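Next come the chains, spelled out residue by residue.
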Amino acid sequence: MNPSPPVAAPPEKLSWYRRLYLRVEALSSTRYAVMALIVVSVIDASVFPVPPFVLLVPMVLAQPRRWLPYSLAGTVASILGGFLGYYLGTLIHQGALTFLDINLDARIERFGVNATVGELLGQNFWVLALLCSVLPTPFKVVAIGSGMVAVPLDRFFLAAVLGRSARFLAVGGVMRFFGPTARKWLRV
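As the structure is a computational prediction, the values presented were derived from the model and not from experiment.

Is there a simple way to explain the overall build of the protein in this structure?
Scanning the protein from N- to C-terminus turns up eight helices and two strands. Counting from the amino terminus, helix and strand elements in the protein follow one another as α-α-α-α-β-β-α-α-α-α. Taking all 188 residues of the protein together, the buried fraction comes to 37%. Counting only contacts in the protein whose residues sit at least 6 apart along the sequence, the fraction spanning at least 24 positions is 71%. Surface exposure of the protein reaches about 11500 Å², of which carbon and sulfur atoms provide 67%.

Set out below in structure tokens:
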């Protein structure tokens, strides 16, 4: 009795996100890599599901001496995209307030707090925006959320500049100085 030959398992079908991720990553090896990094950094801050580090990491690995210009280009583009996300959040805020009849002027007077809901969110959310700009949180959540809760634009800008600069420079610098082994640490 001859045993039947082993049957190879069918290749696993990739999700739409994984296919998009791989397409974006493939752009890092083209002559349009810098432009792709800029475009992805801008739209990442408002709607795009793939982070710009998918491009930055292979670009820095391919040309380690260019880590700083790549990181700075991504930072500036991400901050500009953050403004798009912020204004998208303000539009959502206006629509939600009208549609859901939410009152951000409701006063909270408990536990030593005496302010409106809008004041509390606007004054303190920028710290969260700063932290989430550095941490591996989707920046679109930070940008749109800041607009939705009416964080003052100057505070959002400060949080975006500090947070995105730290994130892009850290990822670019780690890839430059530690090379391919650092890719495992960053999960990019």
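Would you take a moment to explain the packing of aromatic side chains for this structure?
In this description, a pair of aromatic rings is defined by centroid distance and the angle of the planes. According to the stated counting rule, one finds nine aromatic pairs in the structure shown. Measuring from ring centre to ring centre gives 5.9 Å for Trp67 and Phe177, while their planes differ by 70°; the resulting arrangement is edge-to-face. You can see Trp67 sitting in helix α4 (residues 67-100) and its partner Phe177 sitting in helix α7 (residues 153-178), a full 110 residues away along the chain. By relative accessible area, which is 18% here, Trp67 ends up buried. Judged by relative accessible area, Phe177 falls into the exposed class, the value being 54%. Measuring from centroid to centroid gives 5.5 Å for Tyr86 and Tyr87, while their planes differ by 90°, and the two rings are edge-to-face. Among the residues examined, Tyr86 registers a relative accessible area of 7% and is labelled buried.

It is not clear to me how helix α3 (residues 53-62) should be interpreted in this structure. Could you clarify?
Of all ten residues in α3, eight are buried, a share of seventy percent or more. Considered for burial, the residues of α3 that qualify are Phe53, Val54, Leu55, Leu56, Val57, Pro58, Met59 and Val60.

Whenever I open this one, a nonpolar patch on the surface confuses me. Can you help?
The grouping of Tyr32, Met35, Val39, Ile43 and Val47 at the surface amounts to a nonpolar patch, some 470 Å² of accessible area in total. Assignment of secondary structure puts Val47 in the loop between α2 (33-44) and α3.

Help me understand the nonpolar core, please; the structure alone is not making it clear to me.
One broad trend across soluble globular proteins is that nonpolar side chains are buried collectively. Counting 21 residues, the largest nonpolar core has Val24, Leu55 and Leu56 as its most contacted members. Those elements that place two or more of their residues in this core are α1 (16-26), α2, α3, α4 and α7. The element that contributes the greatest number of residues to this core is α3, accounting for seven residues. Every residue in contact with Leu56, bar those within four places of it in the chain, is listed here: Leu37, Tyr70, Ser71, Phe168, Val171 and Gly172.

Would you explain the environment of Val149 in this entry?
Looking at the secondary structure, you find Val149 in the loop between α6 (139-148) and α7. The exposure class assigned to Val149 is buried, which follows from its relative accessible area of 15%. Sequence separation between Val149 and His93 is 56 residues, and the spatial gap between their C-alpha atoms is 7.0 Å.

I keep staring at the environment of Arg183 and nothing clicks. Help me out?
The residue Arg183 is located in helix α8 (residues 182-186) in this model. Placed 125 residues apart in sequence, Arg183 and Pro58 show a C-alpha to C-alpha distance of 9.3 Å.

Calculation notes
Residues numbered from 1 in each chain as written. Predicted model: local features only at pLDDT ≥ 70, side-chain atom pairs only at ≥ 80, totals over all residues. Heavy atoms only, no water. Helix = DSSP H or I, 4+ residues; strand = E, 2+ residues; numbered from the N terminus. Buried < 20%, exposed > 50% of the residue type's maximum accessible area, 1.4 Å probe, protein only. Contact = heavy atoms within 4.5 Å. Areas by Shrake-Rupley, 256 points an atom, 1.4 Å probe, with all protein chains shown as cover. Phe/Tyr/Trp six-rings, centres within 6.5 Å; stacked < 30°, edge-to-face > 60°. Patch = residues over 30% accessible without salt bridge, like charges linked within 9 Å, V, L, I, M, F, W, Y side chains within 5 Å. Salt bridge = Lys/Arg side-chain N within 4 Å of Asp/Glu carboxyl O. Core = buried A, V, L, I, M, F, W, Y, C linked by side-chain atoms within 4.5 Å.

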